[in-house]
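Residue strings, one per chain:
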Amino acid sequence: ALALGTLAGCQSPATGATDQQQANRTYMTKVNQAGHVIGAEQSALIANYNAFKAGGKSVNPDFDVLLSNANSFDDPAKGKEAAISLIDQGCDLIITDCAATAMGVIEAGEEKGVFIIGDSSPHNEISPAVVLADTMTQFGPAMYSVVSEFANGSFSPGTHFSTLAEGGIGITVSPLISEHLSAEDKAAFDEGVADVEAVSEKIKAGELTVERNIQK
């Protein structure tokens with residue numbers, strides 16, 4: 001089982017996708033500890049961190065996540081520095097929430113042999129042996145939902161969140177990673193992906209939700 005979140009939206013981040021990944025993550029980490037590199041201490045990114053951690057603990061209660069703030073969304077050097085610090089603290093898997101800064105995290109993953117889950121766009125062709133998956137945010141479905149609410153008279157002011165069901169958030173699993181995994185890691189990865197897919201369906205059906213926790 002896996003706790004998956006429903007979030008993202010007109011703001012952006014993907015608690016749902018992040019939590020989703022977490023399923024994958026606990027299957028892949030051998031030390032029960034992952035790292036999370038963010039670009040700023042924004043509430044949406046802290047919510048992603050908490051969802052990622054909750055998803056992992058739903059698979060393995062001993063799982064933990066160390067948070068590192070690179071303080072930038074466009075500085076790969078800071079991303080690499082943050083990633084190496086997390087790796088030195090024992091993390092063997094890192095998820096990013098820092099846009100272009102993630103390129104440095106991926107570079108660190110390549111050098112240290114640590115798996116990475118990227119964000120915002122597919123990175124598997126850039127680093128096919130390291131990138132397991134990427135969280136994705138689609139603004140089109142989020143905007144369509146809000147405009148539809150306005151058109152039918154149900155719109156109300158405030159913060160609006162897109163959902164996994166409407167396609168505003170999601171996860172893209174790398175189609176290239178399997179050929180770079182050992183038999184043991186591939187079996188764990190395939191099991192994790194199957195779990196993610198099953199949980200995603202539960203979230204879309206409204207059978208499972210994850211609290212949007214913005215407390216550090």
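Residues numbered from 1 in each chain as written. Predicted model: local features only at pLDDT ≥ 70, side-chain atom pairs only at ≥ 80, totals over all residues. Heavy atoms only, no water.

(A) Quick look at the overall build of the protein chain. Assigned secondary structure in the protein chain consists of 6 helices and 6 strands. Looking at the protein chain as a whole, 50% of its 216 residues are labelled buried. (Helix = DSSP H or I, 4+ residues; strand = E, 2+ residues; numbered from the N terminus. Buried < 20%, exposed > 50% of the residue type's maximum accessible area, 1.4 Å probe, protein only.)

(B) Summary view of unusual backbone geometry. With phi around 60 degrees, asparagine 71 is a residue other than glycine that occupies positive phi space. Structurally, asparagine 71 is set in the loop between strand E2 (64-69) and helix H3 (76-88). Relative accessible area serves as the criterion here: at 56%, asparagine 71 is assigned to the exposed category. Phi at serine 120 takes a positive value of approximately 80 degrees, unusual for a residue other than glycine. Turning to its location among the elements, serine 120 is positioned in the loop between strand E4 (115-119) and strand E5 (131-137).

(C) Structural detail: helix H5 (residues 139-152). Here H5 spans 20 Å end to end across 14 residues, near enough to the 20 Å set by a 1.5 Å rise per residue. Among the residues of H5, those classed as buried are Ala142, Ser145 and Val146. Seen along its axis, H5 keeps its buried residues to an arc of 90 degrees; they face one direction. Turned more than 90 degrees off the buried face of H5, the exposed positions are Tyr144, Ala151 and Asn152. (Expected span 1.5 Å × (residues − 1). Arc of directions from axis to C-beta.)

(D) Broad picture of the pairing of E2. The pairing of strand E1 (residues 33-38) with E2 spans 6 bridges and is classified as parallel. Across the sheet, residue isoleucine 38 finds its bridge partner in E2, namely asparagine 69. (Pairing = 2+ DSSP bridges.)

(E) Region of interest: helix H2 (residues 43-59). Here H2 contains 17 residues, and its C-alpha end-to-end distance of 25 Å stays within 8% of the 24 Å for a straight helix at 1.5 Å per residue. Looking only at H2, the buried set comprises Ala44, Leu45, Ile46, Ala47, Asn48, Tyr49, Asn50, Ala51, Phe52, Gly55 and Gly56.

(F) A look at the packing of aromatic side chains. Scanning the entire structure with this criterion turns up 2 aromatic pairs. Their ring planes at 80 degrees and their centres at 6.2 Å tell us that phenylalanine 52 and phenylalanine 63 sit as a pair that is edge-to-face. Of this pair, phenylalanine 52 sits in helix H2 while phenylalanine 63 sits in the loop between H2 and E2, placing them 11 residues apart in sequence. With respect to burial, phenylalanine 52 and phenylalanine 63 carry one shared label: buried. Consider the rings of phenylalanine 150 and phenylalanine 155, whose centres lie 6.2 Å apart with planes at 70 degrees: the pair is edge-to-face. Look at phenylalanine 155 and you get partly exposed, because its relative accessible area is 33%. (Phe/Tyr/Trp six-rings, centres within 6.5 Å; stacked < 30°, edge-to-face > 60°.)

(G) Region of interest: the nonpolar core. One finds Val37, Ile94, Val105 and Ile116 to be the most contacted residues of the largest nonpolar core, which totals 17 residues. Among the secondary structure elements, those contributing two or more residues to this core are H3 and helix H4 (102-112). With sequence-adjacent residues up to four places away left out, isoleucine 116 is seen in contact with Ile94, Thr96, Val105, Ile106, Gly109, Val130, Val131, Leu132 and Ala133. Judged by nonpolar contacts, the second largest core, of 16 residues, contains Phe63, Ile177, Phe189 and Val193. (Core = buried A, V, L, I, M, F, W, Y, C linked by side-chain atoms within 4.5 Å. Contact = heavy atoms within 4.5 Å.)

(H) Seen up close, the sheet that holds E1. Spatially, E2-E1-E3-E4-E5-E6 is the arrangement adopted by the 6 strands of the open sheet, whose pairing is mixed. The sheet is open, and its two borders are formed by E2 and strand E6 (169-173), each paired with just one other strand. Across this sheet, the average inter-strand angle for adjacent strands is 20 degrees, counted without regard to direction. (Axes fitted to C-alpha atoms, helices over the stretch in contact; angles between N-to-C directions.)

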